[in-house]
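Listed below, chain by chain, are the residues.
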Amino acid sequence: MINTASFILESKTELLSTFRSKGFVIPATLFPCLFYLFFGVVFSHGDSHNYMYINYLIFGMIGPALFPLALTSPLKSKMVG
C-alpha cells in the first residue's frame, strides 16, 4: 500500500526546491504569458487566439514538469561516469 503522507511530503519539498530557484520561476511564468500576448493577441487572425492560448497553457505546464528531470539527469550521469 502506498504511504500517502510520504508522497505528499516529497511533493511539497520538491515544489519548494523548484520555486526557490529564481532562474526557473521567472522564465517559467513569464515566457508563456509573453508568447501568448505576442503571438496570440498581437498576431491573431480570427479565432486563432483561442488555439494559441491552449498551446501556451500546455507549454506553461510541461516546462515546469520537465525542469527537475532535465536538471538532475546530467548530475546523475556525471556521478556514475
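Conventions used here
Residues numbered from 1 in each chain as written. Predicted model: local features only at pLDDT ≥ 70, side-chain atom pairs only at ≥ 80, totals over all residues. Heavy atoms only, no water. Helix = DSSP H or I, 4+ residues; strand = E, 2+ residues; numbered from the N terminus. Buried < 20%, exposed > 50% of the residue type's maximum accessible area, 1.4 Å probe, protein only. Areas by Shrake-Rupley, 256 points an atom, 1.4 Å probe, with all protein chains shown as cover. Contact = heavy atoms within 4.5 Å. Patch = residues over 30% accessible without salt bridge, like charges linked within 9 Å, V, L, I, M, F, W, Y side chains within 5 Å. Salt bridge = Lys/Arg side-chain N within 4 Å of Asp/Glu carboxyl O. Phe/Tyr/Trp six-rings, centres within 6.5 Å; stacked < 30°, edge-to-face > 60°.

Regarding its fold elements, the chain presents 3 helices and 0 strands. Counting only residues that meet the buried cut, the chain has 7% of its 81 residues in that class. Of the accessible surface of the chain, which amounts to about 6900 Å², a share of 75% is contributed by carbon and sulfur atoms.

A separate point is the environment of Val25. Structurally, the position occupied by Val25 is in helix α2 (residues 22–42). Exposure remark for Val25: the relative accessible area of 24% places this residue in the partly exposed category. Sequence separation between Val25 and Pro64 is 39 residues, and the spatial gap between their C-alpha atoms is 8.6 Å. Here Val25 is in contact with Thr18 and Phe19, once residues within four sequence places are set aside.

Once that is clear, we can look at a nonpolar patch on the surface. A cluster of nonpolar side chains, namely Ile26, Leu30, Phe31, Leu34, Phe35, Leu37, Phe38, Phe39, Val41, Val42, Phe43 and Phe59, defines an oily patch on the protein surface of about 1100 Å² accessible area. It is α2 that provides the largest number of residues to the nonpolar patch, a total of 10 residues. Along the chain, Val41 falls in helix α2. Overall, the relative accessible area of 43% leaves Val41 in the partly exposed class.

Another point: the packing of aromatic side chains. Summed over the entire model, instances satisfying the criterion amount to 7 aromatic pairs. The interplanar angle of 10° and the centroid separation of 5.8 Å between the aromatic rings of Phe31 and Phe35 together place this pair among those described as stacked. With Phe31 and Phe35 both in helix α2 and 4 residues apart, the pair spans about one turn of that helix. Residue Phe35 is classed as partly exposed on the basis of its relative accessible area, which comes to 31%. Geometrically, the ring pair formed by Tyr56 and Phe59 is edge-to-face, given 6.4 Å between the ring centres and 85° between the ring planes. Here the residue Tyr56 and the residue Phe59 both occupy positions in helix α3 (residues 48–80), the gap between them amounting to 3 residues, near one helical turn. Joined through ring pairs, the aromatic side chains of Phe31, Phe35, Phe38, Phe39, Tyr56 and Phe59 make up one cluster.

No statement about biological role is implied by the geometric values presented.
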